[in-house]
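Residue-level structure breakdown
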Amino acid sequence: MTDFTNLTLEGALAGLKAKDFTSLEITEAHIKACEDASELNAFITTDYDNARAAAKASDEKLAKGDGGLLEGAPLGVKDLFCTEGVRTTAGSKILGDFTPQYESTVTSNMKRDGMVMLGKLNLDEFAMGSANETSYFGPVINPWKVDDNLVPGGSSGGSASAVAARICLGATATDTGGSIRQPASFTGTVGIKPTYGRCSRWGVVAFASSLDQAGPITRTVKDSAIMLQSMAGYDPKDSTSINEALPDFMAACDKGVKGLKIGIPKEYTMDGMPSDIEELWQQGIKWLEEAGAEIVHVSLPHTKYALPAYYIVAPAEASSNLARYDGMRYGNRVAGEDLNDTYERTRADGFGKEVRRRIMIGTYVLSAGYYDAYYLRAQKVRARIAQDFKNAWEKCDALLAPTCPSAAFPVGRPVNDPVQMYLNDIFTVTANLAGLPAMSVPASLDKDGLPLGLQIIGRALDEETVFAAGAALEKAADFKAEPEKWWSA
Amino acid sequence: MSAKETGVTAETVKKIARLSRLHVEEDRLAHLADEMNGILAWIEQLQEVDVEGVEPMTSAVEMAAPLREDKITDGAVREKVLANAPKSEAGYFVVPRSVE
Amino acid sequence: MFTAERVADKKDWLSGRDHDWEMIIGLEVHAQVASNAKLFSGAATEYGAEPNTQVSLVDAAMPGMLPVVNEFCIEQAVRTGLGLNAEINKYSRFDRKNYFYPDLPQGYQISQFEFPIVGEGEIEIEPEGGEPVSVGIERLHLEQDAGKSIHDLSPDDTFVDLNRSGVCLMEIVSKPDMRSPEEASAYVEKLRAIVRSLGTCDGDMEKGNLRADVNVSVRKPGGELGTRCEIKNVNSMRFIRQAINYEARRQIDILESGGEIDQETRLFDNAKGETRTMRSKEDAHDYRYFPDPDLLPIKITDDFIAKIKANLPELPDARKARFIESYGIPAYDAGILTASKKKAEFYETLAKGRDAKIAANWMMGDLFGALNKAGIELEDSPVDAVALGGLLDRIADKTISGKIAKQVFEKMFAGEGSADDIIEKDGLKQVTDMGAIEKLVDDVIAANPDQAAKVAENPKSMGWFVGQVMKASQGKANPQAVNEILRKKLGV
Ligand SMILES: [Mg+2]
Ligand SMILES: [Zn+2]
């Protein structure tokens with residue numbers, strides 16, 4: 001018997017279509033795997049009963065030769081996507097047992113296409129974090145392990161861990177500053193953040209509205225293409241949704257890189273970055289060159305300012321986006337002496353430390369007398385960063401860079417300086433600020449045997465080139481390593 | 001503006017916490033001020049960037065707001081609206097008393 | 001455009017202990033756009049629905065909900081801007097105004113701060129008993145209304161209804177160009193007339209669809225500007241005048257006893273006729289405005305503006321100019337007759353084919369006087385334009401004199417019938433039979449020979465004979481004929 005959890009999404013969908021197995025069979029296998037992997041703490045809420053029902057419904061469709069793009073595939077959903085009738089927490093205490101009476105556009109697209117949802121995946125609280133340690137529901141554990149338990153990265157840590165541990169065929173994720181790509185890099189999985197506006201934000205709990213973008217985490221580039229094909233698309237309910245036809249992402253994976261110009265941005269390096277990462281980057285350049293790409297060297301001079309600009313823009317937007325969590329209409333309410341005391345106690349009790357910290361920073365940079373010096377300046381620096389990319393596109397079609405400046409690190413590593421933690425996103429935030437599509441592809445193991453990813457950044461709306469280059473990289477790297485299954489009961 | 005000039009004090013933290021509606025115990029103010037100063041000092045490097053004549057970028061998409069028709073398409077969903085309310089009565093949300 | 005230089009009319013000064021005071025008044029009027037659906041959601045806006053039955057998940061600020069702009073609201077803002085003779089901004093933007101309140105579900109109000117959709121404009125007002133005044137418009141911007149907090153349903157809690165949450169408002173901000181409570185209410189009156197004739201807002205103050213925040217300060221006439229206070233949500237013309245009078249007095253009392261005015265937001269207590277500090281606004285507010293990242297800029301094309309312009313109805317000011325021009329009536333009269341669409345329509349019906357000046361006089365004098373006295377609105381007048389026209393026709397064709405016409409009008413107003421009916425019934429037809437008039441003249445001269453002899457030396461004294469003859473005819477003699485015959489007989 002096939003080990004259904006070892007299937008790729010592509011393989012599973014093909015097998016389902018060919019009636020090699022049923023959705024219920026592979027769903028049961030994944031439910032079992034999820035139960036065995038409870039130690040990873042990847043899920044906040046599981047929804048097995050509905051998953052079985054959905055699998056049966058899919059099987060009926062498949063039997064008739066019908067079914068959508070994801071028909072019958074057991075997948076996970078980051079708990080930032082509102083799901084009708086299924087508790088949605090955003091990894092926070094403040095939402096309590098909030099049960100949405102609506103379905104996010106992205107998950108409703110996926111349900112339309114036949115997704116079997118296994119449950120809601122753990123994440124950093126309100127997607128604020130790079131290690132999945134800020135979740136009210138406890139840290140997620142990376143299936144990759146060296147002595148200590150390691151973090152899976154964040155904020156889509158549950159999604160990455162679940163996919164790497166083979167307990168879901170794929171998972172939705174979101175990326176505000178690197179929250180898809182960094183955990184993908186930490187867990188040896190593929191993650192793509194598409195162009196801002198490709199996936200509807202309607203029904204996704206907002207962190208920083210001008211940066212948030214949904215995307216998939218999967219085991220292969222092709223799997224990502226399949227999932228994104230379903231997730232993305234114009235949505236009139238989101239004013240920032242792009243009204244353009246979707247390209248065929250799956251077909252793009254087979255395009256190859258022959259004739260493409262790949263830019264190497266010299267600024268994507270940092271003091272203290274492990275030499276493995278530098279070496280992997282050089283290796284990546286060679287791989288793409290050998291696959292027929294032309295390598296050009298480019299400069300994105302404002303790169304070093306992306307992270308500090310991000311840490312103004314994102315908290316500012318978050319401070320306002322999170323104002324609605326006040327215990328008045330939904331979520332937990334902590335009674336105080338009067339209205340204001342109730343607000344203050346509800347929010348102090350409901351939000352974790354990192355979220356409170358960012359709300360405070362955001363409030364501060366928007367407050368009277370500081371707006372111009374901080375927020376306005378950051379938005380101008382953002383324009384500079386976007387312009388850097390536009391200049392680069394004169395010379396190349398896509399960029400190749402490391403995804404992160406490190407591999408996964410131990411859970412519970414003391415964080416004395418929040419800025420040290422923020423540096424995780426140094427190579428990923430640029431694409432968020434400029435709204436560009438970017439993908440992390442697992443490329444090798446470091447000297448400790450931990451996965452490292454390489455990042456492809458593309459032009460706005462040109463996910464096709466990102467998929468083409470990502471697939472070429474994947475093929476050349478031939479990354480087959482898997483975490484040892486230490487968690488199974 | 002330099003970090004020194006914008007130095008966050010315990011008093012500032014108190015004001016910001018109040019604006020953010022976050023309860024902070026008195027004995028935490030100084031620590032939080034230090035933490036905010038640390039982050040703000042790092043952010044200070046943005047002052048190096050020449051932004052003369054640069055238009056602030058407020059969105060990652062360069063388009064105008066899409067407009068919708070003036071049609072009633074939504075709204076008669078009181079049960080959904082009140083479904084998660086910590087307290088509701090007679091079709092209203094019930095909140096702590098706040099008389100003007 | 002702020003005319004700080006303009007000093008109030010002396011009659012509007014308030015007397016103080018050592019010197020007089022002058023009021024400086026500016027208004028922020030919130031006018032609800034007459035749209036079917038809300039500014040950012042598809043929920044209905046109708047007044048008076050059951051609590052929370054016109055609330056979408058967007059209006060309740062559920063996690064992940066997003067706003068989409070209602071095109072009609074943009075259009076109405078532009079229409080109104082054109083009606084205020086204001087600049088239309090082709091680029092505008094929505095910003096978030098952040099503050100916490102239970103009837104503000106998002107924790108911020110989506111408004112327009114830095115880039116409003118409409119810029120500076122100007123309108124003319126005709127305050128009662130004063131000269132016309134030009135009032136500058138600072139801006140018009142769009143924003144969402146908040147929900148409603150209800151405090152009297154429970155002694156311990158506040159109940160919140162979000163039906164109004166997200167309803168589209170136009171906030172129209174004036175320059176501080178008004179100098180008396182009458183000017184302030186005339187301004188609101190004018191704004192209401194404009195939005196009503198444009199159809200952009202129904203102007204219903206009782207339902208709160210038009211309400212004013214009033215900024216008041218006092219100064220020595222022509223002196224340095226004082227600190228202002230803002231009185232929130234005043235919802236009738238009378239309350240606006242009351243609130244200003246009370247607030248100006250309050251400020252003067254403070255200043256005269258050596259105190260200082262705190263710049264603050266105040267509330268008007270309709271029952272007591274007083275203003276008082278708003279507790280919820282006690283914290284110095286820091287709204288942390290920033291561009292709403294869920295919304296993109298509003299870009300308006302010349303084409304869009306031109307289309308709206310082409311479909312604008314005639315506005316009160318344009319109508320006023322036309323009245324002056326084509327009816328030849330004074331500006332003052334034209335101002336009054338165009339103060340509302342109803343008045344203007346009434347007048348146009350009345351003046352058609354008749355003496356425009358006489359029509360204006362009758363309408364503003366006898367008709368408005370009678371309506372005022374009876375406390376009746378023009379639309380409910382017992383004498384409509386056609387009926388009043390019938391009366392004017394009888395004056396014009398000399399069937400009755402102007403004086404008799406006043407008696408006839410009173411009876412018409414009392415519902416006794418048309419002018420012709422009353423003239424017929426009461427036998428008020430003017431005597432134009434020259435022979436009959438001559439007979440009356442002869443009788444009066446014969447009865448007063450001494451008086452008649454003196455008329456040659458003092459022609460002015462002929463007036464006494466006119467009066468006597470008219471009296472003798474019970475007012476029915478044609479006064480012109482009486483004059484003519486008298487002049488002949490008395491040799492004037
Ligand atoms: Mg106001
Ligand atoms: Zn307003």
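Read on for a plain summary of the structure. Quick caveat, the model's predicted, so the values are computed rather than measured.

This part covers the overall build of chain A. A tally of helices and strands in chain A yields 16 helices and 11 strands. For chain A, whose C-alpha radius of gyration is 21 Å, the value lies close to the compact-globule estimate of 23 Å for 489 residues. For the C-alpha atoms alone, the extent of chain A along its principal axes is close to 65 × 55 × 50 Å. Of the roughly 14,900 Å² of accessible surface on chain A, a fraction of 47% belongs to carbon and sulfur atoms.

Residue and element names in this part refer to chain C. Looking only at helix α7 (residues 341-351), the buried set comprises Ala-344, Phe-346, Tyr-347, Leu-350 and Ala-351. Projection of α7 onto a plane perpendicular to its axis shows the buried side chains occupying an angular sector of 160 degrees, all on one side. The inward-facing, buried residues of α7 abut α5 (316-327), α6 (331-337), α8 (356-374) and α9 (385-396). One or two positions beyond α7, positive phi appears at Gly-353, with a value near 75 degrees.

Take the pairing of strand β7 (residues 261-265) of chain A next. All names here are of chain A. Taking burial as the measure, the five residues of β7 include four buried ones, the bulk of the element. As paired strands, β7 and strand β8 (residues 294-298) are joined by five bridges and run parallel to one another. Counted as the bridge partner of Ile-264 is His-297 from β8. You can see the chain leave β7, run along helix α9 (residues 275-290) and come back into β8, and the turn it takes is right-handed. By the bridge criterion, two bridges tie β7 to strand β9 (residues 398-402) in an arrangement that is parallel.

Turning our eyes to something else, we now look at the coordination of the magnesium ion (ligand 1). Residues and elements named next belong to chain C. Within the first shell, the magnesium ion (ligand 1) binds the protein through Glu-28 (OE) and Asp-213 (OD), at distances of 2.0 to 2.7 Å. The metal-metal distance between the magnesium ion (ligand 1) and the zinc ion (ligand 2) is 4.7 Å. With Glu-28 in strand β1 (residues 22-32) and Asp-213 in strand β11 (residues 210-219), the pair connects residues that are 185 residues apart, well separated along the chain. Asp-213 shares its class with Glu-28; the two are buried.

As a further point, take the packing of aromatic side chains. Residues and elements named next belong to chain C. Tallied over the entire structure, the rule returns 36 aromatic pairs over all chains. Relative to Tyr-289, the ring of Phe-113 lies with its centre 3.7 Å away and its plane at 5 degrees, an arrangement referred to as stacked. Taken together, the residues Phe-113 in the loop between β5 (108-111) and β6 (121-125) and Tyr-289 in the loop between β14 (274-277) and β15 (290-291) connect sequence positions 176 residues apart. Assessed through its relative accessible area of 42%, Phe-113 is described here as partly exposed. Looking at Tyr-289, the relative accessible area reads 19%, which means it is buried. Note on Tyr-287 and Tyr-289: the rings are 6.1 Å apart at their centroids and 65 degrees apart in plane angle, and the pair reads as edge-to-face.

Below, the discussion takes up the interface of chain C and chain B. Each partner contributes to the interface: chain C provides 55 residues, whereas chain B provides 40 residues. Taken over both partners, the interface formed by chain C and chain B buries close to 4,000 Å², and the fraction arising from carbon and sulfur atoms is 57%. When the buried area of chain C at its contact with chain B is split by residue, Phe-100, Phe-159 and Leu-296 of chain C rank highest and sum to 15% of it. Remark: the boundary between chain C and chain B carries one salt bridge. A salt bridge links Asp-157 of chain C to Lys-87 of chain B; the shortest N-O distance between them is 3.2 Å.

About the thresholds
Residues numbered from 1 in each chain as written. Chains lettered and ligands numbered in written order. Predicted model: local features only at pLDDT ≥ 70, side-chain atom pairs only at ≥ 80, totals over all residues. Heavy atoms only, no water. Helix = DSSP H or I, 4+ residues; strand = E, 2+ residues; numbered from the N terminus. Rg over C-alpha atoms; globule rule 2.2 N^0.38 Å. Areas by Shrake-Rupley, 256 points an atom, 1.4 Å probe, with all protein chains shown as cover. Buried < 20%, exposed > 50% of the residue type's maximum accessible area, 1.4 Å probe, protein only. Arc of directions from axis to C-beta. Contact = heavy atoms within 4.5 Å. Pairing = 2+ DSSP bridges. Right-handed = clockwise from strand over helix to strand, strands pointing away. Donors = N, O, S within 2.8 Å, 3.2 Å for Na, K, Ca; no water. Phe/Tyr/Trp six-rings, centres within 6.5 Å; stacked < 30°, edge-to-face > 60°. Buried area = accessible area lost by both parts, 1.4 Å probe. Salt bridge = Lys/Arg side-chain N within 4 Å of Asp/Glu carboxyl O.

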